[in-house]
Each structure stands twice: as structure tokens, then as C-alpha cells.
Amino acid sequence: MAKENKLLDIAVVLALFLFVIALTLLNLQIFKSGQYRALSEENCFKKEVVVSVRGNILSSDNVTIATSKRYFSLYGEVNEINMDAEAISNLSELIAIPPDSINRLIRVSKIYGERDVLLKSNLDISAVTFIEENGGLYQGLSIKSHPRRFYPFDYLYSHALGYVGNITQSEYEKYKQSGYSITDFIGKTGIEKYYEKYLKGKNGIKYLETDAFGKVIREIEKKNAVTKVNGENVYATLNHSMQSYIDTLMNDFESGCVILLDAKDGSVVSMYSKPSFDPNIFVYGVRRDMWEYLRRNPLSPFLNRCTDGVYPPGSTFKILTSLAGLHAGAVDSSTYFQECNGSIMISNKVFRCWSTHAELNLTEAFKQSCDVYFYQLGMKVGLDQLARYAYMSGFGDSLGMDILEESKGLVPDTKYLNKKYGRDGWGIGQTANLSIGQGDLLVTPMQMAAFILSLVNDGEKIIPHLVDSVVDMHHEALFIKKKKSAGKLLFSSEEIDYIKRCMFEAVNKENGTGTGAKSEICSMAGKTGTAENSLQEPHAWFVSFFPYDNPRAVCVIVLENSGHGGDIAAPMAKKIAEKYMEKK
């Protein structure tokens, strides 16, 4: 009996064992077959991102100023990289990246669920050859050829175009729903950033069949494969011939900027800022020492002086002060104030003029840029009235251009001065300084260019723009920039016409401060400015439009620490105008 019970127990255990096996097989082959089939496919099929080719950026004279080239890059398959400390160390030496950085890149890719991690861009051919010949030493690594940004003219367009760089974690979180990968590059500044959605295109996805060792056998078709879409071409308003010519004119100057606008629609013909930098260095990943040098350079090469640099405008602001005086009824063309003997006493303080001008009316005071006259005019108009006209003319706020690097500048009024100096800490002298473009007043060269542009368009405030159109692969325009207006100046047509005549006389008549810009080829109208700089030589300004009778362009020049605008900047403006008219 005991023997029979024992046999029964064995039979029950055996039956249970067989039942468990049958149940497991049923689960594996029926209920979880899809899951294991997917895992099996995962082992023999490799998903790979196909990077889209970024769209080109072309100048108005059809020169490619930003394009893409193919570079070799080293990738690691996150779950397959299997290297000991010695192998990591050897790889680190080969690709010149610290071991800690390699491990960090792998960790970050795991966090974001990326299968591949970009370890090194722009591999030199010796590294490519060594890795391919010694693949067994570096399991999970692969070399791919990808398009990367290339700027053919190095520093020439860096502030206008901007640059692209590796996408950051925060950028990835923002754009991953748009198909971006953690290994993508993205526009950081300038046109590259503002028009990112057109330039980027869309990455594709392809599937590769691999053997047991991970070696690719062939590409296979799968339903969830995605065809890449390359980026669109962006046509900038920038003229390569003029930008290159201005570059040669700036050879003798350490820092400054030049802006050239189309007088009809505000197209930016040239936007040149110096010093600059080579945006190509960001394509491969900028070296730390280079980054620190650029970042700490006291001349600020990353600063776009045209739109993001702020300066006291000096006597160029007398254009605004004159218009404010006319519109407020504080002056007319024949109004005389206390004569200029080289200085004037204001609140027990001597305010000097750059010369001695005797008694002048507004026309002569503007032509000869008499500070004493404008001190008196500004005080008659009043601080807050001057500030109001300045705000309404586009100063003290960003213009709203198609570039994100825009400073607002600063227009001081009573509220601002009370906050900065206290109610009893300032006086009428601040108004006098404001009237000649000094004191706390700060403007960007582009704001001044937009202001002159509004004068040649009878008071219409046209917003300058850098891009003309975006064109797809079928040569169809996806986007065409139209002239954009921000309203009208407060001043009448008669007031504006009078000031334009004053600007013409400042260049073309005897005793005018801008006679250095007088040209036999092109009739210029302009205003000089010499902006005081407490630490070094003054900044030389010249603002102009040409030709006088039928304006085609507006030009603004700022040469830092260079001296008087009439001596330094005006002759450069003449050369630019003659070159521009020669091209036309």
C-alpha cells in the first residue's frame, strides 16, 4: 500500500511538472509570442536615425553662405558598448575625449532612451581607419558619415547667420516631439535659430539586418521606416559683394559695425560686426580653451554690435532732438539761441561744445553740429518730451526683426533718473546731455538705421529684415518676407523733409561736419556723431542715406574708440555708397 501511494505521489508530481511545462510553452508560444518575436527582431534588426541635410542659406546675389558637408562621426550602441577601463582609456586617447566624458555621454543617452550615442564628430581619417581595422577591440562602436554645417566664409557672416551646435537636454525636451534626436544639431543664434523650423528638415528612420556579431548585412523595409526630409533653402537679403567689400574697409579697425539697408523695404543688404568668430568651430564641438578665449575676450566677439550692441549715439541723436523741437513748437528753422562761445553754463556747471560757433539758427546749428545750441533746444523741449519722441521713434525697445539677438537700449526719463540717482540726485544737465546723445542714453546701431529708414519713407516705421524667402526642393516659395511696418513717426512730412535737407547740407555745404562723405558720384545726406567714451577714444558715428533725391540705401557706421565721426566714419560711408551705386 505504501508503495502504491509513493508511486501515486510521483505520478502527481510528474503530472504537475508536465503541466507547468505545457503551460510555460503555451505562454511563450501563444500569449507572449509577439513580445519575444519583437525581442528576436531587435537582436537581428537595428533601427538607425537618418539625419536630414540642413537647408542652405544663400545671399541675395546667389552665393551659398551656409551649407552642409559630410563628416565621419563615431557612434556607440548604448546597450552593446562593452569596454573595460583600459579600452575606454585607449579610445579616449584616440579620439581626444576624456574617459569621464565618454561615460557621461553614454549615461545621458540611456536616460533619454537613445539607442546610439554620438561620441565624436569630425573624426580624422587616421582614427576612422584604426577603428575600422580594429573593430574587435571596440564592441558596439560604429562609424557613420553624416552631413554637418559648413560656413564657407568663416567669420564674415557669423553674427547674421549665427551658428549651430549640439542640442542641449532642455532643447531636446522642447523639440523631441518634432522628431529631434539627442544627437542632433540645432540653430543657436542668428538666422540659423530664427529660421530653424525651415532649415532643419525631418530625420528619417531606417532598419538594418545584422548578424550575431552586430555586423550590418543589409537594409530592410519595415512599415515604420520613415523617409528623411531635407531642410529648405533660405534666401537672405545680405549681399555677398557688399559684405566682402565692407570687410576690407574694416581691416584697419579693431571693433565696430556697419549696417546697410535697402531704403524701400528695409532689407538688410549688409550687417557687419567686428570682431567676429568662425562658426565652423561649433560644428565639431568647440574646444574648451577656444570657448574660454572667445567668452572672456574683452572685445566680445560673440556680440552682434549691429543689433545687440548699445552705444551713446552722440550727435546723430540731434536728428531726433531737432524733430522733437520742431514738432513741439520749441523751435523753427530760423530760431536763434544764446550764441556759442565754446561752452555754456547750466546749473553752475560748464557744458562744453566741440568748437566755437557764434550765433546760429537751427539749420546752421545742425549742419555744424553745435552742442551749445542743442543743449538749449533740448532743455526747452524737456526731458520727458524728448524721451517720449525717442520711444515713439523706435528707441528704447527691440525692433522685432527676424533675429533674436536684439537689445532694447535705454531712453532715460524722469522715472528712470529718479530710480537711478534719487529725486535730488540729478538735474537739468541730464536733459542737456540727452539732447546731444550722451548721458544715460543708449541705442543700437540697428535702431538708428531703422530711424533713418523711417525718415526716407516719409515717417513709415519699417522693420528691417534679414531673410527674403524660403524655397523648397521643388523651387516653390514657402515663405516670402513682405515689408513690415510698425506705424508712423509723430512728425509731419514737412518736418521730416526739413531734417533731410539739413542732413544733405551737413555733407555737401561748407562748414558741414559730414563733408568727408561728399561724393561726386552719389549725393549723400548724413549726420556725424562722436560719442564720448570715458575710458578710451570716442566712438565715431556716421548715419546716412543716398542718393538724396531718390534714396536707395541707408547706411550706419560705428567705429569704436576711433575718434571723430566726420574724420573717420564719414569717408568710409562715401566709399560704401559709391560701391553700392556702382553695383546698381
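Sequence order sets the numbering: in each chain, residues are counted from 1 along the sequence as written. For this predicted model, a pLDDT threshold of at least 70 governs which residues receive local features, and a threshold of 80 or more governs which side-chain atom pairs are given and counted, while totals over whole chains, interfaces and linings are taken from all residues. Here the side-chain values reflect all heavy atoms present in the structure, with hydrogen atoms and water set aside.

Overview of the sheet that holds strand β11 (residues 256-262)
So, point 1. Spatial strand order, β12-β11-β21-β20-β19: five strands in an open sheet with antiparallel pairing. Two strands lie at the open edges of the sheet, namely β12 (268-274) and β19 (525-531), each paired on one side alone. Between one strand axis and the next, the sheet turns through 5° on average, direction left out of account.
So, point 2. Seen against the sheet, helix α10 (residues 240-249) touches β11 and β12 and runs at an angle of roughly 30° to β12. Only strands joined by at least two bridges in the DSSP assignment are considered to pair. For helices the rule is a DSSP run of H or I covering at least 4 residues; for strands it is a run of E covering at least 2, with both sets numbered from the N terminus onward. Axes here refer to lines fitted to C-alpha atoms; in helices the fit is confined to the stretch in contact. Angles between the N-to-C directions go from 0 to 180 degrees. Here, residues are in contact when the closest pair of their heavy atoms is within 4.5 Å.

What to know about the pattern of salt bridges
Pairing between side chains of opposite charge can happen when their charged atoms approach one another.
So, point 1. The term salt bridge refers to a pairing of a side-chain nitrogen on Lys or Arg with a carboxyl oxygen on Asp or Glu at a separation within 4 Å. Throughout the structure, instances matching the rule amount to 14 salt bridges.
So, point 2. With a closest N to O distance of 2.8 Å, Arg 149 and Glu 192 form a salt bridge. Of this pair, Arg 149 sits in strand β5 (residues 141-150) while Glu 192 sits in helix α8 (residues 190-194); the two residues are 43 residues apart in sequence, bridging distant segments of the chain. In this pair, the class of Arg 149 matches that of Glu 192, namely buried.
So, point 3. Note that Glu 560 and Arg 305 form a salt bridge whose closest N and O atoms lie 2.7 Å from each other. In this pair, Glu 560 is assigned in the loop between β21 (553-559) and α20 (565-583) and Arg 305 in the loop between α11 (288-296) and α12 (318-328), connecting sequence segments 255 residues apart.
So, point 4. Each residue's exposure class comes from its accessible area (1.4 Å probe, protein chains only) as a fraction of the maximum for that residue type: buried when under 20%, exposed when over 50%, partly exposed otherwise. Residue classification places Arg 305 among the buried residues on the basis of a relative accessible area of 4%.
So, point 5. Through salt bridges with shared partners, a single network forms among Arg 54, Arg 149, Glu 192 and Glu 196.

Topic: α20
So, point 1. With 19 residues, α20 should cover 27 Å at 1.5 Å per step; its first-to-last C-alpha distance of 26 Å lies within 8% of that length.
So, point 2. Within the sequence span of α20, burial applies to Gly 565, Gly 566, Ala 569, Ala 570, Met 572, Ala 573, Ile 576, Ala 577, Glu 578, Tyr 580 and Met 581.
So, point 3. If you follow the buried residues of α20, they end up packed against α10, β11, β12, β19, β20 (539-546) and β21. Expected helix span is given by 1.5 Å per residue-to-residue step, counting one fewer step than there are residues.

As for α10
So, point 1. Residues His 240, Met 242, Gln 243, Ile 246, Asp 247 and Leu 249 constitute the buried set of α10.
So, point 2. Of the surrounding elements, those touching the buried residues of α10 are β3 (64-77), β11, β12 and α20.
So, point 3. Any pair of nitrogen or oxygen atoms within 3.5 Å is treated as a polar contact; in protein, a donor-acceptor pairing is required on top of that, and neighbouring residues in sequence qualify only through side-chain atoms on both sides. With a side-chain oxygen positioned 3.1 Å from the backbone nitrogen of Ser 241, the residue opening α10 is Asn 239.

Here's the deal with the environment of Ile 496
So, point 1. The residue Ile 496 is located in helix α19 (residues 493-508) in this model.
So, point 2. For Ile 496, a relative accessible area of 0% corresponds to the buried category.
So, point 3. Taking the C-alpha atoms as reference points, Ile 496 and Phe 542, separated by 46 residues in sequence, lie 19 Å from one another.
So, point 4. For Ile 496, the contacting residues outside a window of four places in its chain are Leu 323, Leu 455, Asp 458, Gly 459, Leu 489 and Phe 491.

Considering unusual backbone geometry
So, point 1. For the bond running from Lys 274 to Pro 275, omega is 5°, close enough to zero to count as cis.
So, point 2. Look at the link from Phe 546 to Pro 547: it is a cis peptide, with omega at -20°.
So, point 3. Inspection of the secondary structure assignment puts Pro 547 in the loop between β20 and β21.
So, point 4. Despite not being glycine, Ala 358 has its phi angle at roughly 60°, a positive value.
So, point 5. Within the secondary structure, Ala 358 is located in the loop between β14 (349-352) and α13 (362-368).
So, point 6. In this structure, Asn 511 takes a positive phi of about 75° despite not being glycine.
So, point 7. Mapped onto the secondary structure, Asn 511 falls in the loop between α19 and β19.
So, point 8. For Asn 511, a relative accessible area of 51% translates into the label exposed.

What about the side chain of Ser 369?
So, point 1. Here Ser 369 is to be found in the loop between α13 and α14 (371-381).
So, point 2. Among the polar contacts made by the side chain of Ser 369, one reaches the side chain of Lys 318 at a distance of 2.9 Å.
So, point 3. Excluding residues within four positions of it along the chain, Ser 369 makes contact with Ser 315, Lys 318, Trp 354, His 357, Thr 513 and Lys 527.

Remarks on the packing of aromatic side chains
So, point 1. Between 30 and 60 degrees the pair is tilted, below 30 it is stacked and above 60 it is edge-to-face, where a pair is any two Phe, Tyr or Trp rings, Trp via its six-membered ring, whose centres lie within 6.5 Å. A full pass over the atoms with the stated rule returns 23 aromatic pairs.
So, point 2. When the ring of Phe 153 is compared with that of Tyr 157, the centres are 6.3 Å apart and the planes differ by 70°; the resulting orientation is edge-to-face.
So, point 3. A relative accessible area of 3% means that Tyr 157 is categorised as buried.
So, point 4. Through successive ring pairs, a cluster of aromatic residues spans Tyr 163, Phe 277, Phe 282, Trp 291 and Phe 302.
So, point 5. When the ring centre of Tyr 389 is taken as reference, the NZ or CZ atom of Arg 388 above it lies at 5.5 Å. By the criterion adopted, a ring carries a charge over it if an Arg CZ or a Lys NZ lies within 6 Å of its centre and within 35 degrees of its normal.

Thoughts on the nonpolar core
So, point 1. Of all hydrophobic cores here, the largest spans 132 residues; its most connected members are Ile 319, Phe 451, Phe 546 and Ile 576.
So, point 2. For this core, the element with the most residues is helix α18 (residues 445-456), which contributes nine residues.
So, point 3. With residues near it in sequence (within four places) discarded, Ile 576 still touches Met 242, Tyr 245, Ile 246, Leu 249, Val 258, Leu 260, Cys 555 and Ile 557.
So, point 4. Nonpolar cores are built from buried Ala, Val, Leu, Ile, Met, Phe, Trp, Tyr and Cys residues. Side-chain atoms within 4.5 Å join them into one set. Counting 17 residues, the second largest nonpolar core, distinct from the first, contains Ile 81, Ile 95, Ile 131 and Tyr 138.

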